[in-house]
Amino acid sequence: MMNDAAPLHDSAKPRKIHRVRIGVNVLIQIAILFLLAVMVNYLGFEHYRRWDLSRDQKYALSDKTKRFLQSMKGKARITVFFLPNDPIGSDVQGMLIEFQYAAKGKLDVENINLERNPTRAKELLNKYKVVTGEDLLILDYDGRNKSVKASEMAEIDPGQPMFGEAPKVVAFKGEQAVTSALMELVEGKKNTIGYVVGHKEPPIADAPPANPMAPETKTSPLRVTRTFIENENVKFQELNLFEVGAIPAELKAVMIVGPQYDFSDREMKLLRDFWEKQGRILLLLDPAAKTPKLNAFLYELGVKVNDDRLMAMVKTGIQEVALLRDVQAMFLADSPITKRLADARGIFPGGASSLTLEPDRVRAANIRLQPLVQAEKGYWAEADYNSEDQAKFQADALRNGEAIHTIAVSIEKGGSADERVQANSSRMVVVSNAMFIEDTAIRQDQQPLDLISGCVNWLLNREQLIGIAPKVPQTLTFSLDENALRNLRWLVLLIMPLIPAVLGFAVWWQRRT
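Since this is a predicted model, take the numbers as computed values, not measurements.

A.B. asks: Explanation requested: the overall build of the protein in the structure shown.
C.D. replies: Regarding its fold elements, the protein presents twelve helices and 20 strands. Out of the 513 residues belonging to the protein, those deemed buried represent 39%. Taking the contacts inside the protein whose residues are at least 6 apart along the sequence as the reference set, 71% of them involve residues at least 24 apart. Accessible surface for the protein amounts to roughly 30600 Å². Of this, 56% is attributable to carbon and sulfur atoms.

As structure tokens, this is what we get:
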């Protein structure tokens with residue numbers, strides 16, 4: 001029997017390959033990937049961020065330096081003359097990269113290799129008329145130039161070359177040196193501050209030796225503060241009010257630090273005339289000194305200097321308390337002087353008196369008062385501060401309650417209360433403690449220097465330069481007592497060798513079973 005079924009045929013035709021469509025699709029994909037790569041690279045070059053994750057923030061610039069670089073109107077140039085083997089060469093290069101990044105196109109850096117390119121080096125050294133035997137930077141701004149030597153940027157321990165010890169960088173101060181030089185170039189000339197003398201104030205300058213045969217210079221107790229402020233394009237000039245008919249016009253501000261004697265009527269007239277002509281005054285009072293005429297001047301401006309001392313009771317044991325006369329204080333964020341110190345705390349040694357602010361009484365005279373620094377909670381204003389009666393002190397502390405006392409205030413007459421409006425005005429900063437800026441009081445923390453720097457820059461109308469100052473890096477050290485050394489000995493001799501032994505035994509046991 002025949003099978004009439006027709007043979008099977010594959011009726012499906014082969015699919016046509018659209019090569020043009022595939023090619024266009026591939027080209028579109030390549031174009032999209034190319035555009036994405038361009039976008040990522042553009043964002044990476046134009047909108048990148050840098051973070052310094054080192055322990056001591058070695059390469060991070062201070063807020064003050066960043067604000068200054070951004071405030072420059074012109075463009076600066078730094079030429080680097082450093083040999084490859086200089087001990088601070090890598091630190092300088094890293095610092096200048098941060099300077100360029102913070103300046104946002106306002107700073108060019110050129111590195112000159114003295115060994116490989118002596119012709120270019122000679123050309124630039126002749127142009128800037130620089131003769132030196134050490135590595136340096138040459139800063140150029142608006143036709144003015146200044147050199148910064150390597151010795152000004154670091155403290156170097158030469159070590160013991162006989163025993164093969166290489167030089168070691170003890171402290172790198174490049175940011176301070178370069179920022180100070182740029183400030184001098186941008187501002188053109190130094191701002192001069194008159195330092196008032198004649199009332200037994202601490203000297204601002206080192207005293208010359210009394211005996212030429214024994215040249216022992218008596219250093220100023222304000223050497224650290226003076227150097228710090230002078231690095232911000234400021235110079236001090238001693239001012240004796242007995243010897244002048246008026247405060248010289250070239251003085252941008254007047255600084256009075258801890259006078260032990262009161263001012264005469266003539267001196268007070270000079271200060272008042274200076275103040276009325278939009279003068280700037282920084283007044284640091286010694287609470288132990290009697291200065292009724294100075295206090296009366298401040299009272300006219302709405303600030304009453306109280307005859308008291310701020311004290312606090314602190315526990316030193318289970319049932320023991322001690323009387324604390326050094327004032328631990330907090331900086332307030334409402335003023336441009338201290339707003340960048342708002343999270344910090346400072347110590348004002350030697351005691352401070354409280355200041356009472358009376359803004360309503362002087363508002364009609366267009367005088368504005370702003371508290372800057374207040375004592376921490378727990379301090380009370382003790383009027384009977386010479387007493388030794390601990391029971392009385394405890395009773396007065398309880399009566400103080402939650403009251404907070406001011407020890408620093410800014411005073412401004414005229415101008416505008418809006419920080420964005422630049423207007424002429426008289427300005428003053430008053431602090432009821434003068435010891436906090438002395439060398440013996442300045443420790444590793446820099447709050448006193450930051451405060452005095454903020455005051456000076458505010459008085460000089462340089463609010464853009466107010467910020468946390470550059471920090472000097474500190475060497476990391478460990479101090480181990482006997483117990484710590486004993487624990488370290490057990491760790492090295494027993495625990496560390498025991499760990500691989502235990503792991504080896506575990507592997508051997510696993511293979512054996």
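A.B. asks: Please clarify how the sheet that holds strand β2 (residues 107-112) should be interpreted in this entry.
C.D. replies: Taken in spatial order, the four strands make up an open sheet running β2-β1-β3-β4, and their pairing is mixed. Edge positions in the sheet fall to β2 and β4 (144-149), since each of these pairs with one other strand and no more. Pairwise comparison of adjacent strand axes, ignoring direction, gives a mean angle of 20 degrees for this sheet. Relative to β2, strand β1 (residues 76-81) runs parallel, the two sharing six bridges. Within the sheet, the bridge partner assigned to Phe81 lies in β2 and is Ile112. Strands β1, β2 and β3 (136-141) of the sheet are contacted by helix α3 (residues 89-103), whose axis makes an angle of about 155 degrees with β2.

A.B. asks: How should the environment of Glu152 be read in this particular structure?
C.D. replies: Position of Glu152 relative to the elements: it lies in the loop between β4 and β5 (154-157). When the C-alpha positions of Glu152 and Gly174 are compared, they lie 7.6 Å apart, and in sequence the two are 22 residues distant. Contact partners of Glu152, with chain neighbours within four places excluded, come to Ser147, Lys173 and Ala177.

A.B. asks: Could you clarify how one ought to interpret the confidence of the model for the protein in this entry?
C.D. replies: Detail in the predicted coordinates should be disregarded across regions flagged by low pLDDT. Per-residue confidence for the protein averages 86 on the pLDDT scale, and 86% of its residues sit at or above 70. Per-element confidence in the protein is highest for strand β10 (residues 280-284), whose mean pLDDT is 98, and lowest for strand β6 (residues 168-172), whose mean pLDDT is 77.

A.B. asks: Just checking my understanding: could you explain the pairing of β3 for this structure?
C.D. replies: Note on strand geometry: in a regular strand, side chains alternate between the two faces of the sheet. Burial runs high along β3: six of the six residues are buried. Of the two faces of β3, the one carrying Leu136, Ile138 and Asp140 and the one carrying Leu137, Leu139 and Tyr141 are both buried. Bridge count between β1 and β3: six bridges; the pairing is antiparallel. Bridge pairing in β3 places Ile78 opposite Leu139. Between β3 and β4, which follow one another and run antiparallel, lie two residues, and Asp142 among them has a positive phi close to 55 degrees.

A.B. asks: Can you help me understand the packing of aromatic side chains in this one?
C.D. replies: A ring pair, where both rings are aromatic, is described by two values, the distance of the centres and the angle of the planes. Scanning the model with the defined rule gives five aromatic pairs in all. A ring pair is formed by Phe348 and Phe436, whose centres lie 5.0 Å apart and whose planes are at 50 degrees; its orientation type is tilted. Placement of Phe348 in strand β15 (residues 345-348) and of Phe436 in the loop between β20 (425-431) and α11 (447-459) is noted, with a sequence separation of 88 residues between them. Accessibility assignment for this pair places Phe348 and Phe436 in one class, buried. Ring centres of Trp380 and Phe393 lie 6.3 Å apart, and the angle between their planes is 50 degrees; this geometry places the pair in the tilted category. Separated by 13 residues along the polypeptide, Trp380 in strand β18 (residues 380-382) and Phe393 in helix α10 (residues 390-400) bring together distant segments of the chain. A relative accessible area of 0% means that Phe393 is categorised as buried. The positively charged end of Lys104 is found above the aromatic ring belonging to Tyr101, 5.8 Å away from the centroid. Cation over ring: Arg361 sits above Tyr299, and NZ or CZ is 4.0 Å from the ring centre.

Criteria and cut-off values
- Residues numbered from 1 in each chain as written.
- Predicted model: local features only at pLDDT ≥ 70, side-chain atom pairs only at ≥ 80, totals over all residues.
- Heavy atoms only, no water.
- Helix = DSSP H or I, 4+ residues; strand = E, 2+ residues; numbered from the N terminus.
- Buried < 20%, exposed > 50% of the residue type's maximum accessible area, 1.4 Å probe, protein only.
- Contact = heavy atoms within 4.5 Å.
- Areas by Shrake-Rupley, 256 points an atom, 1.4 Å probe, with all protein chains shown as cover.
- Pairing = 2+ DSSP bridges.
- Axes fitted to C-alpha atoms, helices over the stretch in contact; angles between N-to-C directions.
- pLDDT = per-residue confidence, 0-100.
- Phe/Tyr/Trp six-rings, centres within 6.5 Å; stacked < 30°, edge-to-face > 60°.
- Lys NZ or Arg CZ within 6 Å of the ring centre and 35° of its normal.

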